[in-house]
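Topology and contacts: notes
Each chain, written out:
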Amino acid sequence: ATGCAAGAAKGSRRGQRMAWLAVTIGLSGWTTGAAIWWYVAAGGSAPVSGTSVAEIGYCVLPIFALAAGLLVPSRDDSRFGLGLLLDGLIVAASLVEAVGALVISTTASVSFPRVLMAIFTGCYLGLFVMAMVVTQRAETGRRLSPALLGMGFALIGGAGFIRVWHGSPPETPRTIVTLGWVCGIYV
């Protein structure tokens, strides 16, 4: 997926190129985090401070995905990006709060990996909502990219929600969670 995004960045122009570059950087962080996490899960020694190092890589994708959402040229309105950013932050904060309440209500012990997973899940679901807003407001010929990004974020966020619901972030993910992440990255 990272290579496909890099290829799309190379073949694009102006705003589209910047958006695809942001997606490429985000996916590179995700890939690095996943590689570290899978190495540790397979029994390798954890670099620095355990699997939390992998979460640093996972933080890169939502940040750069937000940037990509703002960079995708969807219409000729310079104020569109700022309004979208504020709407997205409000939605993401609300979803982080809701998923955080789920974490607290479903277990007696709250762990750092589980809280991070709840935050990421809320961010991805917030990014999904932002992508749908961009898709709805975009000109007819410019709707495919934000719609696909939104579908990917929905799959990643949905898989994260299942993972948080089952309360097992430090463990190897279940098949449905892995499938959601893989499908979300490749959409």
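Helix and strand counts for the chain come out as seven helices and zero strands. For the chain, buried positions account for 36% of its 187 residues. In the chain, the share of contacts with a sequence separation of at least 24, taken over all contacts with a separation of at least 6, comes to 67%. When the accessible surface of the chain is summed, it comes to about 9800 Å², and 68% of that surface belongs to carbon and sulfur atoms.

A few words on the side chain of S12. Summarising the element assignment, S12 is placed in the loop between α1 (2-11) and α2 (14-41). When its relative accessible area of 15% is taken as the criterion, S12 is described as buried. Within polar-contact distance, the side chain of S12 engages the backbone oxygen of A8 at 2.5 Å. Beyond its immediate stretch of four places on either side in the chain, S12 contacts R17 and W20.

The next subject is the layout of surface pockets. The computed volume of the second largest pocket comes to approximately 370 Å³. Contributing to the lining of the second largest pocket are 20 residues, with W20, V23, L149, I185 and V187 lying nearest its centre. Elements that contribute at least two residues to the lining of the second largest pocket include exactly α1, α2, α3 (52-71), α6 (144-166) and α7 (175-186). Per-element accounting of the lining of the second largest pocket gives the leading share, seven residues, to α6.

For the chain, per-residue confidence averages 75 on the pLDDT scale, and 72% of positions sit at 70 or higher. Per-element averaging of pLDDT across the chain places helix α4 (residues 80-106) at the bottom with 67 and α1 at the top with 89.

Here we take up α7. Given a rise of 1.5 Å per residue, 12 residues ought to cover 16 Å, and the 16 Å separating the end C-alpha atoms of α7 matches this to within 8%. Turning to α7, its buried residues are V177, G180, W181, G184 and I185. Take α7 and look down its axis: the buried residues cluster within an arc of 125 degrees, on one side only. Residues of α7 that are exposed and point more than 90 degrees away from the buried face comprise T175 and Y186.

Once that is clear, we can look at the side chain of T135. Looking at the element boundaries, T135 is found in helix α5 (residues 112-137). A distance of 2.8 Å separates the side chain of T135 from the backbone oxygen of A131, its partner in a polar contact. Sequence-distant contacts of T135, defined by excluding residues within four places in its chain, comprise R143, P146 and A147.

Our next topic: the environment of M130. Note on placement: M130 falls in helix α5. When the C-alpha atoms of M130 and L70 are compared, they prove to be 9.4 Å apart, with 60 residues separating the residues in sequence.

Each aromatic ring pair is summarised here by two numbers: the centre-to-centre distance and the angle between the ring planes. Enumeration over the complete set of coordinates arrives at three aromatic pairs. Their ring planes at 85 degrees and their centres at 6.1 Å tell us that W30 and W181 sit as a pair that is edge-to-face. Of this pair, W30 sits in helix α2 while W181 sits in helix α7, and the two are 151 residues apart along the sequence. Residues W30 and W181 agree in their burial class; the two are buried. Joined through ring pairs, the aromatic side chains of W30, Y124, F153 and W181 make up one cluster.

This next bit is on the packing of α1 against α2. Packing of α1 against α2 leaves a shortest axis separation of 8 Å and a crossing angle of 160 degrees. In terms of axis orientation, α1 runs roughly antiparallel to α2. The interaxial crossing formed by α1 with α2 has left-handed handedness. On α2, the residues touching T2, A5, A6, A8, A9 and K10 of α1 are R17, W20, L21, V23, T24, L27, S28 and T31. Its residues placed into classes, the contact of α1 with α2 shows eight nonpolar, four polar and two charged.

Definitions and limits used
Residues numbered from 1 in each chain as written. Predicted model: local features only at pLDDT ≥ 70, side-chain atom pairs only at ≥ 80, totals over all residues. Heavy atoms only, no water. Helix = DSSP H or I, 4+ residues; strand = E, 2+ residues; numbered from the N terminus. Buried < 20%, exposed > 50% of the residue type's maximum accessible area, 1.4 Å probe, protein only. Contact = heavy atoms within 4.5 Å. Areas by Shrake-Rupley, 256 points an atom, 1.4 Å probe, with all protein chains shown as cover. Polar contact = N/O pair within 3.5 Å; in protein donor to acceptor, adjacent residues only side chain to side chain. 1 Å grid on protein atoms, 1.4 Å probe; cavity = no way out; pocket = protein on both sides within 12 Å on 5 of 7 lines; lining within 4 Å. Points joined across faces, edges and corners; volume = space filled by probe spheres on them. pLDDT = per-residue confidence, 0-100. Expected span 1.5 Å × (residues − 1). Arc of directions from axis to C-beta. Phe/Tyr/Trp six-rings, centres within 6.5 Å; stacked < 30°, edge-to-face > 60°. Axes fitted to C-alpha atoms, helices over the stretch in contact; angles between N-to-C directions. Parallel < 35°, antiparallel > 145°, perpendicular 65-115°, else oblique. Left-handed = near helix turned anticlockwise from the far one by under 90°. Nonpolar A, V, L, I, M, F, W, Y, C, P; charged D, E, K, R; others polar.

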